[in-house]
Amino acid sequence: DAGVTQSPTHLIKTRGQQVTLRCSPKSGHDTVSWYQQALGQGPQFIFQYYEEEERQRGNFPDRFSGHQFPNYSSELNVNALLLGDSALYLCASSLAGLAFFGQGTRLTVV
Amino acid sequence: SQQGEEDPQALSIQEGENATMNCSYKTSINNLQWYRQNSGRGLVHLILIRSNEREKHSGRLRVTLDTSKKSSSLLITASRAADTASYFCATDVPPKLSFGAGTTVTVRA
């Protein structure tokens with residue numbers, strides 16, 4: 001049984017560009033959450049998707065958007081990248097409240 | 001701002017010793033969870049303790065929860081080099097987890 005998988009593992013983008021990160025949840029999980037983890041900090045909640053709808057959003061600007069597909073996989077899109085968006089982006093899938101995390105995508109904005 | 005705060009920020013111990021780290025949080029919770037992260041990779045779930053539980057064990061891990069003090073502790077007994085990692089507490093207020101900044105544990109051989 002594959003766990004939560006994220007792609008790509010590493011990514012380098014230039015300021016102002018747009019990026020799409022992808023997440024496949026653990027088998028049987030229908031809820032996907034995205035977190036941003038800056039260096040030396042704990043993960044910060046971006047938003048959660050359930051039944052293809054954004055259920056709740058953290059304190060992130062509209063440049064951060066997402067989508068969930070019928071197969072429960074999800075994408076995180078970030079527009080107009082800033083240097084401060086450099087971080088590890090973690091996807092978590094959950095069922096009955098227990099969250100399992102992927103290995104993350106390391107985004108570097110130069 | 002982050003809901004949970006871990007203490008200490010960093011901990012260095014000898015292999016075989018015990019490691020204790022604490023977590024304080026601000027608001028009422030349903031559950032509290034502890035995670036481990038190795039070298040900036042993904043988070044590995046260690047243990048979940050419900051708000052009506054006071055203590056829970058899993059292998060070499062012991063977690064306590066004091067809801068009156070809004071605090072939790074994680075004890076790792078008989079530490080090993082492989083326990084070197086960052087440890088995070090996360091308060092579970094659905095639908096999101098709120099993490100502290102973590103405790104970095106280094107186990108010296």
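Residues numbered from 1 in each chain as written. Chains lettered and ligands numbered in written order. Predicted model: local features only at pLDDT ≥ 70, side-chain atom pairs only at ≥ 80, totals over all residues. Heavy atoms only, no water.

As a further point, take the overall build of chain A. Broken down by element type, chain A carries zero helices and 11 strands. Reading chain A from its N terminus to its C terminus gives the helix and strand order β-β-β-β-β-β-β-β-β-β-β. Computed over the C-alpha atoms, the radius of gyration of chain A is 13 Å, within 12% of the 13 Å expected from 2.2 N^0.38 for a compact globule of 110 residues. Its C-alpha atoms give chain A principal-axis dimensions of about 35 × 25 × 25 Å. Taken over 110 residues, chain A has a buried fraction of 47%. Only carbon and sulfur atoms are counted for the fraction: they give 50% of the accessible area of chain A, which is about 5,300 Å². The average position of the 8 basic charges and that of the 9 acidic charges among the side chains of chain A differ by 12 Å. (Helix = DSSP H or I, 4+ residues; strand = E, 2+ residues; numbered from the N terminus. Rg over C-alpha atoms; globule rule 2.2 N^0.38 Å. Buried < 20%, exposed > 50% of the residue type's maximum accessible area, 1.4 Å probe, protein only. Areas by Shrake-Rupley, 256 points an atom, 1.4 Å probe, with all protein chains shown as cover. Lys, Arg positive; Asp, Glu negative; His and termini not counted. Charge placed at Lys NZ, Arg CZ, Asp CG, Glu CD.)

Taken together, the contact between chain B and chain A spans 19 residues of the former and 20 residues of the latter. Carbon and sulfur atoms supply 52% of the area buried between chain B and chain A, which totals about 1,500 Å² over both sides. Inspection of the chain B/chain A interface yields zero salt bridges. Where chain B touches chain A, the interface holds five residue pairs in polar contact (both at pLDDT 80 or more). Those elements giving two or more residues to the side of chain B that touches chain A turn out to be β4 (31–37), β5 (43–50), β9 (85–93) and β10 (96–99) of chain B. Of the residues belonging to the side of chain B that touches chain A, the class tally is nine nonpolar, seven polar and three charged. (Contact = heavy atoms within 4.5 Å. Buried area = accessible area lost by both parts, 1.4 Å probe. Salt bridge = Lys/Arg side-chain N within 4 Å of Asp/Glu carboxyl O. Polar contact = N/O pair within 3.5 Å; in protein donor to acceptor, adjacent residues only side chain to side chain. Nonpolar A, V, L, I, M, F, W, Y, C, P; charged D, E, K, R; others polar.)

Quick look at the nonpolar core now. Inside soluble globular proteins, nonpolar side chains tend to come together where they are buried. Residues and elements named next belong to chain B. Core analysis: the largest hydrophobic core is formed by 22 residues, its most contacted members being Met-21, Leu-32, Trp-34, Leu-46, Leu-74, Ile-76 and Tyr-87. Breaking this core down by element, the ones donating at least two residues are β2 (10–14), β3 (19–24), β4, β5, β7 (61–66), β8 (71–76), β9 and β11 (103–108). Sequence-distant contacts of Tyr-87, that is, excluding residues within four places in its chain, are made with Glu-6, Met-21, Tyr-35, Arg-36, Leu-46, Leu-74, Ile-76, Gly-102, Thr-103 and Val-105. (Core = buried A, V, L, I, M, F, W, Y, C linked by side-chain atoms within 4.5 Å.)

For the rest of this paragraph, the subject is the state of the cysteines. A full pass over the atoms with the stated rule returns two disulfides over all chains. Across the disulfide from Cys-23 of chain A sits Cys-91 of chain A; the S-S distance is 1.8 Å. Taking the sign of the S-S torsion, -60° for the link of Cys-23 of chain A and Cys-91 of chain A, the bridge is left-handed. A residue pair is termed long-range when its members are at least 10 positions apart, and Cys-23 of chain A in strand β3 (residues 19–24) and Cys-91 of chain A in strand β9 (residues 87–95) qualify at 68 residues. The two residues Cys-23 of chain A and Cys-91 of chain A agree in class, both being buried. Note on cysteine connectivity: Cys-23 of chain B is disulfide-linked to Cys-89 of chain B, with sulfurs 2.0 Å apart. (Disulfide = S-S within 2.5 Å.)

Everything listed here is a matter of coordinates, which is why it stays silent on function.
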